[in-house]
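# Inside the fold
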Amino acid sequence: DVSPVVAGLIGATVLVVSVSVTVFVWTCCHQQAEKKHKTPPYKFIHMLKGISIYPETLSNKKKIKRLRRDKGGGAAEAAGGKVPLEAAECGLAGPGPAPGIEQLPIAADYGDELSPDQSLTPGGSKTSSASSPGEEVMLGDLTFSVDYNFPKKALVVTIQEAHGLPVMDEHTQSSDPYIKMTILPDKRHRVKTRVLRKTLEPVFDETFTFYGIPYSQLQDLVLHFLVLSFDRFSRDDVIGEVMVPLAGVDPSTGKVQLTREILKRNIQKCISRGELQVSLSYQPVAQRMTVVVLKARHLPKMDITGLSADPYVKVNVYYGRKRIAKKKTHVKKCTLNPVFNESFIYDIPVDLLPDISIEFLVIDFDRTTKNEVGVGRLILGAHSGSAAGAEHWREVCDSPRKAVAKWHSLSEY
């Protein structure tokens, strides 16, 4: 025997549970149906010699890096420059206790080591990037095609082949080329081809399909191809670039085949990588340089949502052409305008200041895949590549005991 009150409660509970389950099942089915009939914007499909690859759940460059690692093993993993994240060394936030001091090995021989603007090839020979000033070399040609799929509102770009690339590895007298492609000006789409080993005549035959691009907007877009050579032991060498405004291309009647000369990279186009604010001060009595990484702003979106950037800054100190100290800040989660406020101190004799360079690398850390993606780069000191950087360093050297803080535009990593 059950009392009417208990029976009523049981009935009401069963009714509520039944309705909740029905609503949940209907919602799931409705969402699945919407996904099947809706093409999400900015998704791309990568066709690699007839094999379809759908990187829908992975962001930007990181998907292509995983693909290259699967195809090429450990060499492709090294191409991305991935290392496990460690705790920041001696970085102190805010006006806390005195930070750690980095002793510089001044007595060592620095004659044959790596500089901030050079790459060390596997054979041990050093080659400058193809963008170094004064080089008058033929960089080759790039062949590709552009098409448009009207029913799907998709831009289709096929990177076919390159001819006459320069030798970037003097040891093997060859190169390991691959291509990064970006659609300007928004830079929403960033893709890479695979690396082809030891060739100056690479045949990529890779197709990238970008959805969510109306045909009426094609005239405002520019295709940017960056041709690089993979370096197992250092930063990849830049061979050159190709800029193709779509204002002069009409794919409405079918696929358009194009061949463009690869030109020396124009560093001035890299000012859109965001800005970094740093402060430097030198104490001549204690012979110490204090470096403070303050904050960054307007960092580029590293994926199509622009919400998953986890930036941090690596600080490398060079004496002449050798890196003698390296530190890193903490990772700032989910922000394109991070505030670091972390300081580092280095012992540097006064007479060595003209040969010191400080490199700041802004990096986006992916905690899920342990990948690291370069965002931007800044060099102050002897190897400063900009007038603003050289002026900042000169002001620090001419104004002892004064903290000089300035904003700097980042160049491409």
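Fair warning: this is a prediction, and the values are worked out from it, not measured in the lab. (Residues numbered from 1 in each chain as written. Predicted model: local features only at pLDDT ≥ 70, side-chain atom pairs only at ≥ 80, totals over all residues. Heavy atoms only, no water.)

## Considerations on the overall build of the protein chain
A tally of regular secondary structure across the protein chain gives four helices and 22 strands. A fraction of 69% describes how many contacts in the protein chain between residues 6 or more apart in sequence connect residues 24 or more apart. Carbon and sulfur atoms form 56% of the exposed surface of the protein chain, whose accessible area is close to 20,300 Å². (Helix = DSSP H or I, 4+ residues; strand = E, 2+ residues; numbered from the N terminus. Contact = heavy atoms within 4.5 Å. Areas by Shrake-Rupley, 256 points an atom, 1.4 Å probe, with all protein chains shown as cover.)

## Observations regarding the pattern of salt bridges
The final tally for this structure, using the stated rule, is eight salt bridges. The partner of Arg194 in a salt bridge is Glu206, with the nearest N and O atoms 2.6 Å apart. Separated by 12 residues along the polypeptide, Arg194 in the loop between β10 (190-192) and β11 (203-211) and Glu206 in strand β11 bring together distant segments of the chain. Judged by its relative accessible area of 17%, Arg194 is buried. Taking the relative accessible area as the measure of exposure, Glu206 reaches 0% and is therefore buried. Here Lys406 ties to Glu395 by a salt bridge, and the two come within 2.9 Å at their closest N and O atoms. Of this pair, Lys406 sits in strand β22 (residues 404-409) while Glu395 sits in helix α4 (residues 387-398); the two residues are 11 residues apart in sequence, bridging distant segments of the chain. Among the ionic contacts, a cluster of salt bridges with common partners joins Glu391, Arg394 and Asp398. (Salt bridge = Lys/Arg side-chain N within 4 Å of Asp/Glu carboxyl O. Buried < 20%, exposed > 50% of the residue type's maximum accessible area, 1.4 Å probe, protein only.)

## Section: the environment of Phe230
Take Phe230: it is sitting in the loop between β12 (222-229) and β13 (237-245). Residue Phe230 is classed as buried on the basis of its relative accessible area of 5%.

## Observations regarding the packing of aromatic side chains
Here the structure, examined in full by the defined rule, presents four aromatic pairs. Ring geometry for Phe150 against Tyr215: centres 5.0 Å apart, planes inclined by 45 degrees, an arrangement best described as tilted. With Phe150 in the loop between β7 (141-149) and β8 (154-163) and Tyr215 in the loop between β11 and β12, the pair connects residues that are 65 residues apart, well separated along the chain. The ring of Trp407 has Arg297 sitting right over it, with the charged end atom 3.8 Å from the ring centre. (Phe/Tyr/Trp six-rings, centres within 6.5 Å; stacked < 30°, edge-to-face > 60°. Lys NZ or Arg CZ within 6 Å of the ring centre and 35° of its normal.)

## Brief notes about a nonpolar patch on the surface
Judged by side-chain polarity, Val17, Val21, Phe24 and Val25 come together as a nonpolar surface patch covering roughly 380 Å² of accessible area. Summarising the element assignment, Val21 is placed in helix α1 (residues 4-37). (Patch = residues over 30% accessible without salt bridge, like charges linked within 9 Å, V, L, I, M, F, W, Y side chains within 5 Å.)

## Here's the deal with the sheet that holds β12
Judged by pairing direction, the sheet is antiparallel, and its four strands sit side by side in the order β10-β9-β12-β13 without closing on themselves. Since the sheet does not close on itself, it has two edges, and those belong to β10 and β13, each with one partner. Taken pair by pair, the neighbouring strands of this sheet meet at an average axis angle of 20 degrees, ignoring direction. (Pairing = 2+ DSSP bridges. Axes fitted to C-alpha atoms, helices over the stretch in contact; angles between N-to-C directions.)

## Considering the nonpolar core
Counting 34 residues, the largest nonpolar core has Leu276, Leu280, Met289, Ile358 and Phe360 as the members making the most contacts within it. For this core, the secondary-structure elements that each account for two or more residues are β15 (275-283), β16 (288-297), β17 (311-319), β18 (322-328), β19 (339-347), β20 (356-366), β21 (371-381) and α4. Residues within four places of Leu276 in sequence aside, it is in contact with Val293, Lys295, Ala296, Val313, Phe360, Val362, Leu378, Lys406, Trp407, His408 and Leu410. Counting 33 residues, the second-largest nonpolar core is a separate cluster that includes Tyr148, Leu155, Ile179 and Ile213. (Core = buried A, V, L, I, M, F, W, Y, C linked by side-chain atoms within 4.5 Å.)

## Here we look at the pairing of β13
Within β13, seven of the nine residues are buried, leaving the element largely enclosed by the surrounding structure. For β12 and β13, the ladder comprises eight bridges, and the chain directions are antiparallel. Within β13, the residue paired with Val222 across the bridge is Pro245.

## A look at unusual backbone geometry
The phi torsion at Lys198 lies on the positive side, around 45 degrees, for a residue other than glycine. Although it is not a glycine, Arg401 adopts a positive phi angle of roughly 65 degrees. With respect to the helices, strands and loops of the structure, Arg401 is situated in the loop between α4 and β22.

## Side note on the environment of Arg273
Tracing the backbone shows Arg273 in the loop between β14 (256-261) and β15. Distance from Arg273 to Lys301, taken between C-alpha atoms, is 9.4 Å for residues 28 residues apart in sequence.

## Structural notes on the environment of Thr158
Among the structural elements, Thr158 can be located in strand β8. Residue contacts for Thr158: discarding those within four places in its chain leaves Phe144, Ser145, Glu206 and Thr207. A distance of 3.0 Å separates the side chain of Thr158 from the side chain of Thr207, its partner in a polar contact. (Polar contact = N/O pair within 3.5 Å; in protein donor to acceptor, adjacent residues only side chain to side chain.)

## Here's the deal with the pairing of β18
Where β17 lies against β18, six bridges are found, and the strand directions are antiparallel. Across the sheet, residue Val315 finds its bridge partner in β18, namely Lys327. Adjacent in sequence and paired antiparallel, β17 and β18 are bridged by two residues, among which Gly320 carries a positive phi angle near 65 degrees.

## Description of the confidence of the model for the protein chain
Overall, the prediction assigns the protein chain a mean pLDDT of 74, with 69% of residues at 70 or greater. Low pLDDT, under 50, characterises residues 39-101; the predicted model gives this stretch 144 contacts beyond four residues in sequence or across chains. Low pLDDT, under 50, characterises residues 105-135; the stretch is placed with 80 contacts to residues that sit more than four places away or in other chains. (pLDDT = per-residue confidence, 0-100.)

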